[in-house]
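Here is what each chain is made of, one letter per residue.
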Amino acid sequence: MPRSKYRSKKVKHEASNSKLYQRWADMLQRCNNENSNNYKYYGAKGICVCNDWRDFSAFKDWADRNGYQEGLSIDRINPEGNYEPEK
């Protein structure tokens, strides 16, 4: 079965059960998966995830450097903008 251009290889690592990993996976789903319940609010409106954050390790490194802790959320500053580090 061919892979979607948005689907990455399944990689098992210690963070795959973390809340941060789930937030990352959900972010990718709502922006890239037309079958996602929330796609109409994100991907269908052109909201996407920056290239750097398509890799969980890079996303986690950014989150850790910027003070992410369990219980916090990661929100876009501009509700019409993409998921990307603040510029």
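Just above sits the structure.
All of these numbers come straight from a predicted model, not from anything done at the bench.

### A short note on the environment of N66
Next, step 1: Within the fold, N66 resides in the segment after α2 (56-65).
Next, step 2: Along the primary structure N66 and P85 are separated by 19 residues, whereas in three dimensions their C-alpha atoms are 9.9 Å apart.
Next, step 3: A polar contact is formed between the side chain of N66 and the backbone oxygen of W62, at a distance of 2.7 Å.

### Focus on the side chain of R76
Next, step 1: Mapped onto the elements, R76 comes out in the segment after α2.
Next, step 2: Looking at R76, its side chain comes within polar contact range of the main-chain oxygen of P79, at 2.7 Å.
Next, step 3: Polar contacts involving the side chain of R76 include one to the main-chain carbonyl oxygen of G81, which spans 2.8 Å.
Next, step 4: The residues touching R76, leaving out its near neighbours within four places in the chain, are Y42, I47, G81, N82 and Y83.

Analysis parameters
Residues numbered from 1 in each chain as written. Predicted model: local features only at pLDDT ≥ 70, side-chain atom pairs only at ≥ 80, totals over all residues. Heavy atoms only, no water. Helix = DSSP H or I, 4+ residues; strand = E, 2+ residues; numbered from the N terminus. Polar contact = N/O pair within 3.5 Å; in protein donor to acceptor, adjacent residues only side chain to side chain. Contact = heavy atoms within 4.5 Å.

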